[in-house]
Amino acid sequence: MEDLLQVGIITGTHGLKGEVKVFPTTDDKQRFLDLKDVILETGKEQIPLKVEYCKFFKQFVFVKFEGLDDINDVEQYKRCPLMVTRENAVPLDEDEYFVADLIGLTIVDDSGVTIGTLENVIETGANDVYEVLTPDGGRVLLPAIKDCILDVDVEEGIILVHLLKGLVD
């Protein structure tokens, strides 16, 4: 399991006082209101930062970090992900999982046949869709609904599914 979870990506700066524009990668951008500590992943290093404040505009979150008070302090961080530790992550409800914990799990159907490996989770308006890479290099899209996803066992690394008619040729 990943120790750090991504909550957003810095897409640019905002104003001259060190604010950054963040595209949230969490399903609820309101979680930024309770966010105090983040880790900026630069690709070369991980920089712990304290959130001074945040505000919302359209689909973006504008974030101001303590000690970064000028546009020149933050301009270099465009396209850098913002991460949180698991301790600072939002608590999950029953049958909810972090996408980072699902990627790479083995997909097995209810007859015991291995379908493949979960490669991506696609967020749609109605429900998530699991993109599964099959052993022969093909792809299967599975809707993340109760009729299809029967059980998720992160510790065992297995997602048990029921293949609805028409999902696989």
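First things first, this report covers the structure right here in the doc.

Thresholds, definitions, all that
Residues numbered from 1 in each chain as written. Predicted model: local features only at pLDDT ≥ 70, side-chain atom pairs only at ≥ 80, totals over all residues. Heavy atoms only, no water. Phe/Tyr/Trp six-rings, centres within 6.5 Å; stacked < 30°, edge-to-face > 60°. Helix = DSSP H or I, 4+ residues; strand = E, 2+ residues; numbered from the N terminus. Buried < 20%, exposed > 50% of the residue type's maximum accessible area, 1.4 Å probe, protein only. Lys NZ or Arg CZ within 6 Å of the ring centre and 35° of its normal. Salt bridge = Lys/Arg side-chain N within 4 Å of Asp/Glu carboxyl O. Core = buried A, V, L, I, M, F, W, Y, C linked by side-chain atoms within 4.5 Å. Contact = heavy atoms within 4.5 Å.

Topic: the packing of aromatic side chains
One pair of aromatic rings is described through two measures. These are the centre distance and the angle between the planes.
Step number 1: Enumeration according to the criterion identifies two aromatic pairs in this entry.
Step number 2: Ring plane angle 70 degrees and centroid distance 6.3 Å describe the contact between Phe23 and Phe60, whose orientation is recorded as edge-to-face. Highlighted residues: Phe23 in strand β2 (residues 19-24) and Phe60 in strand β5 (residues 60-65), separated in sequence by 37 residues.
Step number 3: On the numbers, 6.4 Å between centres and 20 degrees between planes, the contact of Phe57 with Phe62 is stacked.
Step number 4: We classify Phe57 as partly exposed; its relative accessible area is 46%.
Step number 5: Cation over ring: Lys21 sits above Phe60, and NZ or CZ is 4.6 Å from the ring centre.

Digging into the pattern of salt bridges
Step number 1: Under the criterion given, the structure shown has seven salt bridges.
Step number 2: In this structure, Glu119 and Arg139 form a salt bridge, with 2.4 Å as the shortest nitrogen-oxygen distance. Highlighted residues: Glu119 in strand β8 (residues 114-122) and Arg139 in strand β10 (residues 139-143), separated in sequence by 20 residues.
Step number 3: Within this structure, Glu52, Lys64 and Asp69 form a network of salt bridges that share partners.

Considering the nonpolar core
Step number 1: In this structure, Val22, Phe32, Val38, Leu40, Val63, Phe65 and Leu82 are the most contacted members of the largest nonpolar core, which totals 24 residues.
Step number 2: Only β1 (4-14), β2, β3 (37-41), β4 (46-57), β5 and β6 (81-85) provide two or more residues apiece to this core.
Step number 3: Looking at this core, the element that brings in the most residues is β4, giving four residues.
Step number 4: Apart from the residues within four sequence positions on either side, Val38 is in contact with Ile47, Pro48, Leu49, Val51, Phe65, Leu82, Met83 and Val84.
Step number 5: Core analysis: the second largest hydrophobic core is formed by 16 residues, Ile115, Leu118, Tyr130 and Cys148 among them.

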